[in-house]
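# Structural characterization, general
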Amino acid sequence: MSSITLTDVTKSYGSTQVIQKFSSVFQDREFVTLLGPSGCGKTTMLRMIAGFEKPTTGEIKIDDTVVSGEGRFVPPNRRGIGMVFQSYAVWPHMNVFDNVAYPLKIQRVPRDEIRQRVEAILEAVHLSQYVERMPNELSGGQQQRVALGRALVCNPRVLLLDEPLSNLDAKLRESMRFEIKDVQKRFGITVVYVTHDQTEAMAMSDRVIVFNKGAVQQMGSPMNIYRHPANQFVADFVGKINFLRGTASEGRIDFPGGPRAPSQRGQGMAYDGEKRGPVVVAVRPENMTMRADRGVLHGTLSQAYYLGDTNDCRVDMDGISLRVIAAGNTYGQVESGAPVWLDFNEYLVFDDDGEDQTRILS
Amino acid sequence: MFFTPFGAALFETGGNRVSVQASFQENKRFHLDVKAALITAIVAFLLVFNVFPMAYLVFRSFFGENGFTLETFKRIYTYPLNWNALRNTLVTAGLSMVFGVMIAFPLAWLVGRTDMYGRKFFRTLFVMTYMVPPYVGAMAWLRLLNPRVGTLNVFLANLFGLSENPLNIYSIGGLVWVLTTFYYPYAFITISRAMEKMDPSLEEASKISGASPLKTVMTVTFPVMLPSIVAAGLLVFVSAASCYGIPSIIGAPGQIDTVTTRIIDYVYVGSAEGLTDATTLAVSLMLIANLVLYVSTFICGKKQYITVSGKSTRPNIMELGRWRLPVTLLVTAFALIVVVIPFATVAMASFTTNLGKPLSASNFTTRYWHILFTRKGILDTVKNSLLSASIAATAGIAISCVMAWLLTRTQAKGRRIPDFLITVGSGTPSVVIALALIMTMSGRFGINIYNTLTIMIVAYMVKYLLMGMRTVVSAMSQIHPSLEEASLISGAEWQRSFWDVTLPLIAPSVVAGWFLIFMPSFYELTMSTLLYSTDTKTIGYELFTYQTYHSQQTASAIATGILGMVVIVNWILNKLTKGEFSI
């Protein structure tokens, strides 16, 4: 059993608060991802769990042990945690074996056992044939695996990963994703994973915690976060989305649109929600249907890129450019520059509070 | 990798790397106290042996018995000899600066950025000259360009059928020539380093925009490098102005005084008034040097945009095409004239019986080498120098390691104070440091270490500590903190992680830093000239007395020995650190 309990944790550097009050319990064997743009506080959070940073207030427990709290602080070397660093932090003066064996040497594990366990781990991270190599003779992906092996060799209660894949190329990143997930399942450990890449977060996590400016924006399963973003920041950060400013009234949302004659009425669509007044409608590109002949909203197809399974389009709607991912077979049915009709199949309505206006189009 | 007295300090300003919050140690008051105690100890050392003596020097030159006065300055400079000395210092240092940069920039560019033949070799050669004591150059050129019997002079006169020898080393021109050939490496090193750090895509962007290689050098490389070039020039200026070895060997026979030689003359007079006059001259020199240091570090340093990236990038190499061979020949000629011929001259002189005749089988002797290895007087000075330089280097590198830790791994308050003091100390002319120590450490203020090796060690540390510190700091800042964190998270205590991870990674730099303090301390001349006593003569001073009074051949043998040592140390460092370090 290895859970992590964070209670009212905050962190300030001088007068700047970088983490606002945060509480959560990471369950045993849970894969938790801290997601957010750079500088949002996610790495600080992770480093507090590791013990490299000390929370300004609050308490951190691993299982039932308080590792950081009122008058108590367990240094990182006594926390029994495995960690993979963004820069890998593979020691350049030790070969693969010595790097991985290091935590065991610290624990004074007998030599034979060290050999066995290191070999087993190297097997698990597919490095068996590189035992004697020095780090500078390894590729980025292999160094990454050394770091992972070193973090796992002691059977840690908790594994922390700080943007471990950000220095790898796209293809390797994708395969490492599965490897890490696989390792987590096999070893049955609790993982806290930090990333700014939402695809990574979606693919691997049981639970995603979205951070911005030191505050939690939303906590939930990947699907929950994607389909029901709590606010415009989350909607925008996770996945692709279009924002449209409009006015909600009983049964209807009107889009004032771009420049048009005052007599002309804007476009609108049916709405059965509770919100009234200025709103922001958020719709994902894949949640729209584009047709040549009928629909609720109309616009002009300005660009279309045929991607095989889909047709990636830009539709100009009263001066607003919407990204629409339409079915592949729509390509060629509608010419660039021709009028099109759009239906919003699934969308979200946020109050227009004037904040979080990232890419809001009005 | 190499460091110049304060040229290296300039680069540091760009490297505002994110320091690691070592906050996992914060909870223990013990660690905070260790930091505070270490800073206090280092600051205390610097206050006593660096700040206080300098401050006293300034005080004494401005305050007479009746309070503040400029009387001494007025008296000193109404004496034409001193006025001339100041003028000579400024003129020779200024010209050396101009010529030094004019030589160093193209050389650095050719060696660093073109496909000239033998780049690596030339680079090592020019950098190594940096570690050779300047007085060796003076000795060599004295023999080459003596107005009556100078080898080169005679050769030139015969070549062109001149009735008299064309060149005279005992002149302002001669002084400038030797100063330039011995201080341009300072500029070469500073500029090379900046060039290495310059992002090559800046030049690529210029080329892709259609600029020719020459146009690129003139419109991108040169302007981007300008702050470093200015800094390099100022470094040459201060070094040349503070130099004693060259003007004392070349200037004295030609009756060309400089501020440094005047200061030492005044000290040798020995009277109270002599000391006051020396002090006043020293303060003038110190003010000039510190002003230049200030401009260089805080004005040029701020403009060093090139170092922002901080990472070393692979420079793009320009193909010289049909110019490749001619350019290589030109640089070879330069190296021959400036490095090979002078050093060979000194080496040959050490084997020559009669210096008036060329070296030949009948004029060959190993007598002077025999003297070098047997005469007790010389061996004693070698022992003194070895001892004091080793202690200075060991203590200095210990302080350097602590400073590196404080600067790169902690947020301790006040950690910049010793850093600043060490930088200022190194920028202060040697003659000023020595004089300040004499004035304050002879018992007047409760400390009497005059006439001991201790005062030499202290002086060497004040002057050369920066070189060691920069080396270790730079090595330490290149070790990503996560390497240490990875060890902590693996379960190691911080002591263990220092031992297992940090130390092995910085060890080559620590060794290199040790030698960077040791070598200049070992053959030091200027400070030793003022601080020696009968029992504490150093090899540098011994060489100087042999050169000036007894036997130029013996002096040449000593100088050749030092040259050999420089080469060997350089080679060891290269091997030890797999080419990463050389002096």
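Residues numbered from 1 in each chain as written. Chains lettered and ligands numbered in written order. Predicted model: local features only at pLDDT ≥ 70, side-chain atom pairs only at ≥ 80, totals over all residues. Heavy atoms only, no water.

### A short note on the overall build of chain B
Across its full length, chain B carries 24 helices and two strands. Partitioning the intrachain contacts of chain B with sequence separation of at least 6 by distance along the chain shows that 78% fall at a separation of at least 24. Approximately 23900 Å² of chain B is accessible, and the part contributed by carbon and sulfur atoms is 66%. (Helix = DSSP H or I, 4+ residues; strand = E, 2+ residues; numbered from the N terminus. Contact = heavy atoms within 4.5 Å. Areas by Shrake-Rupley, 256 points an atom, 1.4 Å probe, with all protein chains shown as cover.)

### Observations regarding the overall build of chain A
A count of helical and extended segments in chain A gives eight helices and 22 strands. Oriented by its inertia axes, the alpha-carbon framework of chain A measures out at about 85 × 50 × 30 Å. Every one of the 362 residues in chain A was classed for burial, and the buried ones make up 53%. Taking all contacts inside chain A whose residues are at least 6 apart in sequence as the whole, residues at least 24 apart take part in 66%. A gap of 4 Å separates the mean positions of the 41 positive and 43 negative side-chain charges of chain A. (Buried < 20%, exposed > 50% of the residue type's maximum accessible area, 1.4 Å probe, protein only. Lys, Arg positive; Asp, Glu negative; His and termini not counted. Charge placed at Lys NZ, Arg CZ, Asp CG, Glu CD.)

### Some remarks on the interface of chain A and chain B
The interface is formed by 26 residues belonging to chain A together with 23 residues belonging to chain B. Of the roughly 2200 Å² buried at the junction of chain A and chain B (both faces included), carbon and sulfur atoms supply 60%. For the chain A face of the interface with chain B, the top three residues by lost area are Phe52, Asn77 and Tyr102 of chain A, together amounting to 26%. Linking chain A with chain B are two salt bridges. (Buried area = accessible area lost by both parts, 1.4 Å probe. Salt bridge = Lys/Arg side-chain N within 4 Å of Asp/Glu carboxyl O.)

### Quick look at the domain arrangement of chain A
Structurally, chain A comprises domain 1 (4–236) and domain 2 (240–361). Using only C-alpha atoms to locate each centre, domain 1 of chain A and domain 2 of chain A end up separated by 40 Å. (Domains from an automatic or database assignment.)

### As for the environment of glycine 174 of chain B
Residue and element names in this part refer to chain B. As for its position among the elements, glycine 174 is in helix H8 (residues 172–197). For glycine 174, a relative accessible area of 6% gives the class buried. Expressed as a C-alpha distance, the spacing of glycine 174 and leucine 142, which sit 32 residues apart in the sequence, is 9.1 Å. Excluding its chain neighbours within four sequence positions, the residues that come into contact with glycine 174 are Asn168 and Ile169.

### Let's talk about the packing of aromatic side chains
Residue and element names in this part refer to chain B. Under the definition given, this model contains 25 aromatic pairs over all chains. Geometrically, the ring pair formed by phenylalanine 45 and phenylalanine 49 is tilted, given 5.2 Å between the ring centres and 50° between the ring planes. With phenylalanine 45 and phenylalanine 49 both in helix H2 (residues 29–62), this residue pair falls four residues apart, about one helical turn. For the pair formed by phenylalanine 45 and phenylalanine 49, the shared burial category is buried. A centroid spacing of 6.4 Å and a plane angle of 40° characterise the contact between phenylalanine 52 and tyrosine 56, whose relative ring orientation is tilted. (Phe/Tyr/Trp six-rings, centres within 6.5 Å; stacked < 30°, edge-to-face > 60°.)

### Remarks on the sheet that holds strand E19 (residues 320–327) of chain A
Residue and element names in this part refer to chain A. Ordered in space as E16-E20-E17-E18-E19, the five strands form an open sheet in which the pairing is antiparallel. If you trace the sheet from one side to the other, it starts and ends with strand E16 (288–291) and E19, each paired once. With strand direction ignored, the average angle separating the axes of adjacent strands in the sheet is 45°. Strand direction decides the pairing type here: strand E17 (residues 297–306) and strand E18 (residues 310–317), joined by six bridges, are antiparallel. Paired with tyrosine 305 across the two strands is aspartate 312, which belongs to E18. (Pairing = 2+ DSSP bridges. Axes fitted to C-alpha atoms, helices over the stretch in contact; angles between N-to-C directions.)

### Quick look at the pattern of salt bridges
It is possible for side chains of opposite charge to pair when their charged atoms get near one another. All names here are of chain B. Evaluation of the coordinates by the stated rule reveals 26 salt bridges over all chains. Lysine 383 is the salt-bridge partner of aspartate 380, the closest N and O atoms lying 4.0 Å from each other. Here lysine 383 and aspartate 380 lie together in helix H16 (residues 376–409), a separation of three residues that amounts to about one turn. Judged by relative accessible area, aspartate 380 falls into the partly exposed class, the value being 28%. Across the pair aspartate 419 and arginine 470 runs a salt bridge whose closest N-O atoms are separated by 3.4 Å.

### What to know about the side chain of glutamate 163 of chain A
All names here are of chain A. Residue position: glutamate 163 is located in the loop between strand E8 (158–162) and helix H5 (170–187). Given the relative accessible area of 8%, glutamate 163 is considered buried. Polar contacts involving the side chain of glutamate 163 include one to the side chain of histidine 196, which spans 2.8 Å. If sequence neighbours within four positions are ignored, glutamate 163 has contacts with Lys42, Gln86, Val194, Thr195 and His196. (Polar contact = N/O pair within 3.5 Å; in protein donor to acceptor, adjacent residues only side chain to side chain.)

### Examining a nonpolar patch on the surface
Residue and element names in this part refer to chain B. Together, Val91, Leu95, Val98, Phe99 and Met102 make up a nonpolar patch on the protein surface, roughly 410 Å² of accessible area in all. Relative to the elements of secondary structure, valine 98 occurs in helix H4 (residues 80–113). On the basis of relative accessible area, valine 98 is assigned to the partly exposed category, the value being 40%. (Patch = residues over 30% accessible without salt bridge, like charges linked within 9 Å, V, L, I, M, F, W, Y side chains within 5 Å.)

### Details of the sheet that holds strand E1 (residues 4–13) of chain A
Picture the strands of a sheet paired through backbone hydrogen bonds; they go either parallel or antiparallel. Residue and element names in this part refer to chain A. Taken in spatial order, the five strands make up an open sheet running E2-E1-E4-E5-E6, and their pairing is antiparallel. Among the strands making up the open sheet, the edge pair consists of strand E2 (16–26) and strand E6 (72–73). Pairing analysis gives two bridges linking strand E5 (residues 65–69) to E6, with the strands arranged antiparallel. Across the sheet, the residue bridging to serine 68 is phenylalanine 73, located in E6.

### So, the environment of leucine 287 of chain B
Residue and element names in this part refer to chain B. Tracing the chain through its elements places leucine 287 in helix H13 (residues 272–300). By relative accessible area, which is 44% here, leucine 287 ends up partly exposed. In this structure, the C-alpha to C-alpha distance between leucine 287 and threonine 428, residues 141 residues apart in sequence, is 9.0 Å.

### Here we look at helix H17 (residues 416–427) of chain B
Given a rise of 1.5 Å per residue, 12 residues ought to cover 16 Å, and the 17 Å separating the end C-alpha atoms of H17 of chain B matches this to within 8%. When we look at burial in H17 of chain B, the residues that qualify are Pro418, Asp419, Leu421, Ile422, Thr423, Gly425, Ser426 and Gly427 of chain B. (Expected span 1.5 Å × (residues − 1).)

### Side note on the pairing of strand E20 (residues 339–344) of chain A
Regular strands place side chains that alternate from one sheet face to the opposite one. Residue and element names in this part refer to chain A. Note: E16 against E20, four bridges, orientation antiparallel. Each residue of the ladder has a partner; that of arginine 291, found in E20, is tryptophan 341. Two strands pair when backbone bridges link them, and E17 and E20 are joined in this way by four bridges, in the antiparallel orientation. Looking across to E20, one finds that glycine 299 is bridged to valine 340.

### Re the confidence of the model for chain B
Note that predicted coordinates carrying low pLDDT should not be read in detail. Residue and element names in this part refer to chain B. Across chain B, the average pLDDT comes to 78, with 88% of residues at or above 70. The least confident element of chain B is helix H1 (residues 7–14), whose mean pLDDT is 33; the most confident is helix H20 (residues 481–489), at 88. Here residues 305–313 scores under 50 on pLDDT; set against residues more than four positions off or in separate chains, the count is 19 contacts. (pLDDT = per-residue confidence, 0-100.)

### Observations regarding the packing of H16 of chain B against helix H23 (residues 539–550) of chain B
Working note: a packed helix pair is described by the angle between its axes plus the distance between those axes. All names here are of chain B. The N-to-C vectors of H16 and H23 enclose an angle of 145°; their axes lie 8 Å apart at closest approach. In this structure, H16 uses Gly377, Ile378, Thr381, Val382 and Ser385 to contact H23, whose residues at the interface are Ile539, Glu542 and Tyr546. Partitioning the contact of H16 with H23 into residue classes produces four nonpolar, three polar and one charged. (Nonpolar A, V, L, I, M, F, W, Y, C, P; charged D, E, K, R; others polar.)

### Looking at unusual backbone geometry
Residues and elements named next belong to chain A. Of note, the phi angle at aspartate 63 is positive, near 55°, even though the residue is not glycine. Classification of aspartate 63 as buried rests on a relative accessible area of 18%. Phi is positive for arginine 108, which is not a glycine, with a value near 55°. By secondary structure assignment, the location of arginine 108 is in the loop between helix H2 (96–106) and helix H3 (111–124).

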